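Now for the letters of each chain:
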Amino acid sequence: MPKYIFVTGGVVSSVGKGIVVSSVGRVLQARGYRVTAIKIDPYLNVDSGTMNPYAHGEVFVTDDGGETDLDIGWYERFLNTTLSRNNNITTGQVYLEVITKERRGDYLGKCVQIVPHITDEIKRRIRLAAEKDNIDVAIVEIGGTAGDIEGQPFLEAARQMRLEEGFENTLFIHVALVPILKATEEFKTKALQHSVNELRRIGIQPDAIVARCEKPIDKATRSKIALFGTLPENAVFCSYDVEYVYEVPLILEEQGMGVFITSRLNLGWKQPKLKEWNEIVSSMKNAKEEVRIAVCGKYTKLIDSYVSVKEALIHAAAYARVRALIDWVDVEGFEADPERVSLLNRYDGVLVPGGFGHRGVEGKINTIRYSRENGIPFLGICFGMQLSVVEYARNVCGLDGANSTEISEDTPHPVVDLLPEQRSLENLGGTMRLGASKVIIKPGTLAYRLYNSEVTYQRHRHRYEVNPAYWDRINRAGIVFSGMSEDGRRVEIIELPSHPYFIATQYHAEFISRPGKPEPAYLGFIRAALMRKRSLETHNKSGYVSLPLG
Ligand code: GLN
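Residues numbered from 1 in each chain as written. Predicted model: local features only at pLDDT ≥ 70, side-chain atom pairs only at ≥ 80, totals over all residues. Heavy atoms only, no water.

Asker: Just checking my understanding: could you explain the pairing of strand S13 (residues 323-330) for this structure?
Answerer: The two faces of the sheet receive side chains in turn, since in a regular strand these alternate between them. Counted residue by residue, S13 has six buried out of eight residues, so it is predominantly covered. Alignment of strand S12 (residues 290-297) against S13, held across eight bridges, turns out to be parallel. Within S13, the position partnered with valine 291 by the bridge is alanine 324. (Buried < 20%, exposed > 50% of the residue type's maximum accessible area, 1.4 Å probe, protein only. Helix = DSSP H or I, 4+ residues; strand = E, 2+ residues; numbered from the N terminus. Pairing = 2+ DSSP bridges.)

Asker: Help me out: how do you make sense of the site of the ligand in this one?
Answerer: Taken together, Gly354, Gly355, Phe356, Cys382, Phe383, Gln386, Glu406, Arg461, His462, Arg463, Tyr464 and His508 make up all the residues around the ligand. One nitrogen or oxygen atom from the side chain of glutamine 386 is found 3.1 Å from an oxygen atom belonging to the ligand. Residue arginine 461 places a main-chain N or O atom 3.0 Å away from a nitrogen atom belonging to the ligand. Calculation on the ligand without its partners gives an accessible area of 300 Å², and the protein chains cover 99% of this total. At a threshold of 2 Å from the grid points, most atoms of the ligand map onto the largest cavity. Those elements giving two or more residues to the shell around the ligand turn out to be helix H15 (383-395) and strand S19 (455-462). (Near = heavy atom within 4 Å. Polar contact = N/O pair within 3.5 Å; in protein donor to acceptor, adjacent residues only side chain to side chain. Areas by Shrake-Rupley, 256 points an atom, 1.4 Å probe, with all protein chains shown as cover. 1 Å grid on protein atoms, 1.4 Å probe; cavity = no way out; pocket = protein on both sides within 12 Å on 5 of 7 lines; lining within 4 Å. Sits in = over half its atoms within 2 Å of the grid points.)

Asker: What should I look at first to understand the layout of surface pockets in this one?
Answerer: A probe matching the size of a water molecule, rolled over the atoms, marks out where space remains unfilled. Here the largest pocket defines a volume of roughly 1,100 Å³. Considering the residues around the largest pocket, the lining is formed by 45 residues, among which Ser14, Gly16, Leu70, Trp74 and Asp304 are closest to the centre. Within the residue set of the lining of the largest pocket, elements represented by two or more residues are helix H1 (17-29), strand S2 (35-41), helix H2 (53-56), helix H3 (70-79), strand S11 (236-240), helix H12 (307-319) and S13. Along the lines of polarity and charge, the residues of the lining of the largest pocket split into 21 nonpolar, ten polar and 14 charged. (Points joined across faces, edges and corners; volume = space filled by probe spheres on them. Nonpolar A, V, L, I, M, F, W, Y, C, P; charged D, E, K, R; others polar.)

Asker: When you look at the pairing of strand S14 (residues 349-352) in this model, what are you seeing that I'm missing?
Answerer: Every second residue of S14 is oriented toward a common face, with Gly349 and Leu351 on one face and Val350 and Val352 on the other, all of them buried. Looking at chain direction, S12 and S14 are connected through three bridges and run parallel. Counted as the bridge partner of valine 295 is leucine 351 from S14. For S14 and strand S15 (residues 378-381), the ladder comprises three bridges, and the chain directions are parallel.

Asker: How should the packing of aromatic side chains be read in this particular structure?
Answerer: The way to describe two aromatic rings as a pair is by their centre distance and the angle between their planes. Following the criterion strictly, the structure yields 13 aromatic pairs and no others. Arranged with centres 5.2 Å apart and planes meeting at 25°, the rings of phenylalanine 6 and phenylalanine 172 form a pair that is stacked. With phenylalanine 6 in strand S1 (residues 3-10) and phenylalanine 172 in strand S7 (residues 170-177), this residue pair connects regions lying 166 residues apart in the sequence. In this structure phenylalanine 6 comes out as buried when scored by relative accessible area, which is 0%. Classification of phenylalanine 172 by relative accessible area gives buried; the value is 3%. Over the face of the ring belonging to tryptophan 74 we find arginine 77, whose NZ or CZ atom lies 4.4 Å from the ring centre. (Phe/Tyr/Trp six-rings, centres within 6.5 Å; stacked < 30°, edge-to-face > 60°. Lys NZ or Arg CZ within 6 Å of the ring centre and 35° of its normal.)

Asker: Would you explain the sheet that holds strand S18 (residues 433-441) in this entry?
Answerer: The pairing of strands in a sheet comes from backbone hydrogen bonds and takes either a parallel or an antiparallel form. An order of S13-S12-S14-S15-S23-S22-S21-S18-S19 is seen for the nine strands of this open sheet, with the pairing classed as mixed. At either margin of the open sheet sits one strand with a lone partner, and together these are S13 and S19. Strand after strand, the sheet turns through a mean of 25° between neighbouring axes, direction not considered. Taken together, the four bridges between strand S21 (residues 480-485) and strand S22 (residues 491-495) define a ladder with antiparallel strand orientation. Bridging from a neighbouring strand, methionine 484 pairs with valine 491 of S22. H15 contacts S14, S15, S19, S22 and strand S23 (502-505) of the sheet and is inclined by roughly 110° relative to S15. (Axes fitted to C-alpha atoms, helices over the stretch in contact; angles between N-to-C directions. Contact = heavy atoms within 4.5 Å.)

Asker: When you look at empty space enclosed by the protein in this model, what are you seeing that I'm missing?
Answerer: Counting across every chain of the model gives three cavities of 30 Å³ or more. As a volume, the largest cavity reaches approximately 60 Å³. Together, Gly355, Phe356, Cys382, Phe383, Gln386, Glu406, Arg461, His462, Arg463 and Tyr464 line the largest cavity. Of all the secondary-structure elements, those providing two or more residues to the lining of the largest cavity are H15 and S19.

Asker: I would appreciate a short explanation of helix H10 (residues 257-264) in the present structure.
Answerer: Turn by turn, an α-helix covers 3.6 residues, leaving residues three or four places apart pointing in a common direction. Burial within H10 is extensive, with six of its eight residues counted as buried. Those residues of H10 that fall on the buried side of the exposure criterion are Met257, Gly258, Phe260, Ile261, Thr262 and Arg264.

Asker: Explain the sheet that holds S1 to me, please; I cannot follow it from the model alone.
Answerer: In space, the seven strands of this open sheet follow the order S5-S2-S6-S1-S7-S10-S11, with parallel pairing throughout. Because the sheet does not close on itself, it has two edges, and the strands there are strand S5 (88-90) and S11. Across the sheet, the mean angle from the axis of one strand to that of its neighbour is 20°, orientation sign disregarded. Pairing analysis gives seven bridges linking S1 to S7, with the strands arranged parallel. By the bridge assignment, phenylalanine 6 is partnered in S7 with phenylalanine 172. Helix H5 (residues 114-130) contacts S1, S2, S5 and strand S6 (137-142) of the sheet and is inclined by roughly 150° relative to S2. Across the sheet, H10 touches S1, S7, strand S10 (208-213) and S11, and the angle it forms with S7 is around 145°.

Asker: Just to check I follow, could you spell out the pattern of salt bridges for this structure?
Answerer: Side chains bearing opposite charge may pair, as long as their charged atoms lie close to each other. This model, assessed by the stated rule, comprises 43 salt bridges. Where glutamate 486 meets lysine 438, a salt bridge forms, and the shortest distance between an N and an O atom there is 3.3 Å. With a gap of 48 residues between them, glutamate 486 in the loop between S21 and S22 and lysine 438 in strand S18 connect regions that are remote in the sequence. Given the relative accessible area of 53%, glutamate 486 is considered exposed. Lysine 438 gets classed as partly exposed once you look at its relative accessible area, which sits at 24%. Put simply, Glu97, Lys101, Glu121, Arg124 and Arg125 are held in one network by salt bridges that share partners. (Salt bridge = Lys/Arg side-chain N within 4 Å of Asp/Glu carboxyl O.)

Asker: Whenever I open this one, helix H8 (residues 219-229) confuses me. Can you help?
Answerer: All of the buried residues along H8 are Thr221, Arg222, Ile225, Ala226 and Gly229. All buried residues of H8 fall inside an arc of 135° around its axis, so they share one side. The exposed set on the far side of H8, more than 90 degrees from its buried face, consists of Lys219, Ala220 and Leu227. Buried residues in H8 make contact with strand S9 (186-187), helix H7 (190-201), S10 and S11. Of the residues one or two after H8, threonine 230 is the one with positive phi, at around 55°. (Arc of directions from axis to C-beta.)

What follows is the structure in structure tokens.
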């Protein structure tokens, strides 16, 4: 039977609760325990697939095709594990299930209520996700903050689980912001205290508090939080700002988090093994040489929209012993003023990530053309791959007006078109080509050299694909399809042998990247960027001067 750690939030959201959950998991995993993590999102969407990444951050795709919250990505990266769609529970899923049952007559004669019907369904889902693979500890992150209307049924379910599972098998950790007042340099804990009271009001007394703060809290602040939280001081921790989030397990371990949790949950004492993790963090922090990467997209004001891309670049760079300086470039600027695209010359690599819809498309196409024509290492992901095909069709194959039918339904050359099985769909939620599938790699190609294998399993999220009617013309003009789906009906990887590094994938390689285990297409990209940088430095070409980024 797994033990449960519930993690709640206070004061404000988006303070890195997901990182604390992942780090607590890592600290326990370092002691040999089998850990899983579950994210609860109290919104009414059934999944995050129908939400704008600009507002909510990236949609993370699981192997089994779940469109989940980006915290699932953090859990996978920190725990080096593969989670399922069941690890992300939303209010939408819970109500959909209960109302469907009610309509079917499953509750015949009863008045269907939040308690017990909704809370029972929540508990059922938590246990479903936790009780597999002999999990020792399941960490359940309750999204939002204590006091949110939407979060209440979930907190109530967690409260009930303490009764049902027992004190020794459940633990509550509350993560709350502690701001520092600029004028006096004081740590202010009042808001944290109020959020603890908010939890107590519904019957939850936290067992530990993590103060999320810019700097490590001082002793007096720790004592104050302990006093008002009714906790011993060794149950108060601080998650302070660090350069790389992967440091958080180390700083929590240093403060005694591992010892605290294992003794409180009666798991017994075990020596933590964090050497490898330590080395990964050091390789990130100690890298001196820099490569400059431009990620050219349209959600660039919220970096969370591309969090997996960013982390995949960080993992690859650390592995190659360099530091990736990432600039988030808004492609719309390349539409208003196409000359601006030559600014990309100061980068060592250009990445066009996934995306949807019309806005910014021509800017992305200009970006791809410039990188292709100027030999700048290029990596295209999903939409970035589809638009690479559009760009090549227009500018090399001579197919004027070529486009994806997602952008222009009556293009004369629909080089990217709807997947056949998408044509008759009516619902938009959860109906893309989703999840992991096998990609067959052609020997003798760049892709083959990168993956060193004829097979890779990769995750997808798309409705459109390279149109088979144009394959032949595109190949004759020089693009190699170096990866195909197992049935040979879908293009998965394209590359340009005449270019130093031009590769684009229909799949989202970033979802399977891990610290210490970079994804090959990303690693190749960083290495190619490093080669460009070194050769430009040697030849001291103009256009490569140390300009400030941004
Ligand atoms: N919009 C494109 C499609 O639906 C690409 C999707 C993506 O980049 N994730 O096929």
